[in-house]
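In case you want the letters, here they are:
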Amino acid sequence: AKVIAKTRKKYNMSTEQNKELVRRFYEEAINQGKLSLMDELFTPDYQHHDPAFPPEWQHGGLAVYKQVNETFISTFVPFHVEVKDLFAEGDRVVSRWTFSGKQEKDFQGIPPTHKHIEVENIVIHRIANGKIVEAWFSYDALGLLQQLGAVPSAR
């Protein structure tokens, strides 16, 4: 029974540890451009749920998610994430954050506009055994397209 309790404790991260894991993803892997750190923070079969992304981006595991992040980092320069809120309960961490940068490359068929964008995001991360295994994204995709001039603004 003691061995089982120790094993559970080893893999039962606290909500603060879970929040720190997500914070490291944003601050170190993304803002500092250390995408290789994602191998430590995520499982290889990571599942990405984002209705604004094409299906191949959602079902490719960690390898594809790293490429998606590289695309954003190299397209919106300098790419920066600002974490506004982190909430945790059980194995879930909810983050509210913005990303910003200037579009310097083609993005989903939109030629470089050199416009500065800022986009709000809310993500629910699921943590297991000290790694991010799954995440559900919701962000202002329409606002991003409007800021790039690809879709007219209602204003």
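The paragraphs below set out a description of the structure included in this document. The shown structure was predicted, so the numbers you read here are calculated from the model rather than taken from an experiment. (Residues numbered from 1 in each chain as written. Predicted model: local features only at pLDDT ≥ 70, side-chain atom pairs only at ≥ 80, totals over all residues. Heavy atoms only, no water.)

Some points on the overall build of the protein chain
Looking only at helices and strands, one finds six helices and five strands in the protein chain. Helices (α) and strands (β) of the protein chain occur, in sequence order from the N terminus, as α-α-α-β-α-α-β-β-β-β-α. Projecting the C-alpha coordinates of the protein chain onto the three principal axes gives extents of approximately 60 × 30 × 25 Å. Considering the protein chain as a whole, with its 155 residues, one finds that 37% of them fall into the buried category. Within the protein chain, residue pairs in contact and separated by at least 24 positions form 55% of the contacts whose partners lie at least 6 positions apart. On the protein chain, roughly 8,800 Å² of surface is accessible, and the fraction owed to carbon and sulfur atoms is 53%. Mean positive and mean negative side-chain charge positions of the protein chain (19 and 20 charges, respectively) differ by 8 Å. (Helix = DSSP H or I, 4+ residues; strand = E, 2+ residues; numbered from the N terminus. Buried < 20%, exposed > 50% of the residue type's maximum accessible area, 1.4 Å probe, protein only. Contact = heavy atoms within 4.5 Å. Areas by Shrake-Rupley, 256 points an atom, 1.4 Å probe, with all protein chains shown as cover. Lys, Arg positive; Asp, Glu negative; His and termini not counted. Charge placed at Lys NZ, Arg CZ, Asp CG, Glu CD.)

Topic: helix H2 (residues 15-31)
Here H2 spans 23 Å end to end across 17 residues, near enough to the 24 Å set by a 1.5 Å rise per residue. The largest bend in H2 is about 30 degrees, located at Arg-24. Looking at H2, one finds that the buried residues are Asn-18, Lys-19, Leu-21, Val-22, Phe-25, Tyr-26, Ala-29 and Ile-30. Positive phi shows up at Gly-33, right after H2, with a value of about 70 degrees. (Expected span 1.5 Å × (residues − 1). Bend = angle between axes of the 7 residues up to and from the residue.)

Overview of the pairing of strand E5 (residues 131-139)
Note: strand E1 (residues 42-49) against E5, four bridges, orientation parallel. Each residue of the ladder has a partner; that of Gln-47, found in E5, is Glu-134. Judged from the eight bridges that link them, strand E4 (residues 116-128) and E5 form a sheet pairing that is antiparallel. Residue Ile-124 lies in a different strand from E5, and its bridge partner there is Trp-136. Linkage of E4 to E5, two consecutive antiparallel strands, is achieved through a turn of two residues, within which Asn-129 is found at a positive phi near 50 degrees. (Pairing = 2+ DSSP bridges.)

What to know about the pattern of salt bridges
Summed over the entire model, instances satisfying the criterion amount to nine salt bridges. As a salt-bridge pair, Arg-24 and Glu-40 come within 3.0 Å of each other at their nearest N and O atoms. Note that Arg-24 is positioned in helix H2 and Glu-40 in helix H3 (residues 38-41), a separation of 16 residues in sequence. The exposure class assigned to Glu-40 is partly exposed, which follows from its relative accessible area of 44%. Between Glu-134 and Arg-126 there is a salt bridge, with the nearest N and O atoms lying 2.9 Å from each other. Residue Arg-126 is classed as partly exposed on the basis of its relative accessible area, which comes to 22%. Several salt bridges converge on common partners, so that one network encompasses Arg-24, Glu-28 and Glu-40. (Salt bridge = Lys/Arg side-chain N within 4 Å of Asp/Glu carboxyl O.)

Quick word on the sheet that holds E4
Taken together, the five strands give an open sheet; going across it, the order is E1-E5-E4-E3-E2, and neighbouring strands pair in mixed fashion. Where the open sheet ends on each side, the last strands, each with one partner, are E1 and strand E2 (76-89). Taking the axes of each pair of neighbouring strands and ignoring which way they run, one obtains an average angle of 25 degrees across the sheet. Here 11 bridges tie strand E3 (residues 92-103) to E4, and the two strands are oriented antiparallel to one another. (Axes fitted to C-alpha atoms, helices over the stretch in contact; angles between N-to-C directions.)

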